[in-house]
Amino acid sequence: MKYLSACLLAALLLPCAPALADKLSDAINAAKPGDTIALPEGVFQGGVVLPAGVSLRGEGWNKTIIDANGAEHGLTIQGGNALSISGLTVRNARVAGIAVKGSSGLTISRVRATGCIVGVRVENATSARIENVISDHNTYGLVLTGGTGCAVVNCTVAECPEIGLSLPSGTGAVVFNN
């Protein structure tokens, strides 16, 4: 594993030493299914694909920022079971801040998606949960298409002029307290 610095790692005092790297792409390349990548406070280059089975945790939506800087998607999740994405902001993607394609048991929580066409897009997922997510200043806030048994809970959509929440297809979706 590549670490940001021994000083920063000591300051974080992370048990189980999740992967920390100079760049998000370094941490992703080193991660294996079942790992959680812990990103410290800072800005990281987006446009990355999270490997199946790898979770991602930041220090907070206002502290850990993934800047897609015009990439198609800020963060893409393809497949995997029982993953979580939490505690970060994804911004400035050309299409989706977070794009999920076919996952099971994924939780996206305490995340902000901003400055994209779609804040969060979940496609063909099973039992995905989007909770405490802020989607703002996107064209579309949250889009769930296909899939089954997904939930959108305690989310805030603001300044998304076209559609705040879209559920064009799928079965058994639950939406409440938004």
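Residues numbered from 1 in each chain as written. Predicted model: local features only at pLDDT ≥ 70, side-chain atom pairs only at ≥ 80, totals over all residues. Heavy atoms only, no water.

1. Considerations on the nonpolar core
- Core analysis: the biggest nonpolar cluster contains 35 residues, and I37, L50, L56, I85, I98, I108 and V120 have the highest contact counts within it.
- Mapped by element, the contributors of at least two residues to this core are α2 (24-30), β3 (48-50), β6 (73-78), β7 (84-91), β8 (96-101), β9 (107-114), β10 (118-123) and β13 (140-145).
- With residues near it in sequence (within four places) discarded, I108 still touches I85, I98, V100, V120, R129, I130, E131 and V133. (Core = buried A, V, L, I, M, F, W, Y, C linked by side-chain atoms within 4.5 Å. Buried < 20%, exposed > 50% of the residue type's maximum accessible area, 1.4 Å probe, protein only. Helix = DSSP H or I, 4+ residues; strand = E, 2+ residues; numbered from the N terminus. Contact = heavy atoms within 4.5 Å.)

2. A word on the pairing of β6
- Within β6, 5 of the 6 residues are buried, which leaves the element mostly enclosed by the surrounding structure.
- Relative to β6, β3 is paired through 3 bridges, and the arrangement is parallel. By the bridge assignment for β6, L50 is matched with I77.
- Where β6 lies against β8, 5 bridges are found, and the strand directions are parallel. Among the inter-strand pairings, I77 is bridged to a residue of β8, identified as V100. (Pairing = 2+ DSSP bridges.)

3. Some details on the pairing of β10
- When β8 meets β10, the two strands line up parallel, connected through 5 bridges. Directly across from A99, in β10, lies its bridge partner R121.
- Direction of pairing for β10 relative to β13: parallel, over a ladder of 5 bridges. Each bridged residue has a counterpart across the sheet, and for R121 the counterpart in β13 is V143.

4. A short note on the environment of S166
- If you trace the backbone, S166 turns up in strand β16 (residues 163-166).
- We classify S166 as buried; its relative accessible area is 16%.
- When the C-alpha positions of S166 and G141 are compared, they lie 8.0 Å apart, and in sequence the two are 25 residues distant.
- Setting aside its immediate chain neighbours within four residues, S166 contacts L142, V143 and L144.

5. Notes on the sheet that holds β13
- Taken in spatial order, the 6 strands line up as β3-β6-β8-β10-β13-β16 in an open sheet, and their pairing is parallel. In this open sheet, the two strands that pair with only one neighbour each are β3 and β16. Ignoring strand direction, the axes of neighbouring strands in this sheet form an average angle of 10°. (Axes fitted to C-alpha atoms, helices over the stretch in contact; angles between N-to-C directions.)

6. Points about the confidence of the model for the chain
- In the predicted model, the chain carries a mean pLDDT of 88, and 88% of its residues have values of at least 70.
- Here residues 1-21 is a poorly scored stretch, pLDDT under 50, and it has 36 contacts once near neighbours within four places are set aside; other chains count. (pLDDT = per-residue confidence, 0-100.)

7. A word on the side chain of T64
- Note that T64 resides in strand β5 (residues 64-67).
- For T64, a relative accessible area of 0% corresponds to the buried category.
- For T64, the side chain forms a polar contact with the main-chain oxygen of L39, separated by 3.5 Å. (Polar contact = N/O pair within 3.5 Å; in protein donor to acceptor, adjacent residues only side chain to side chain.)

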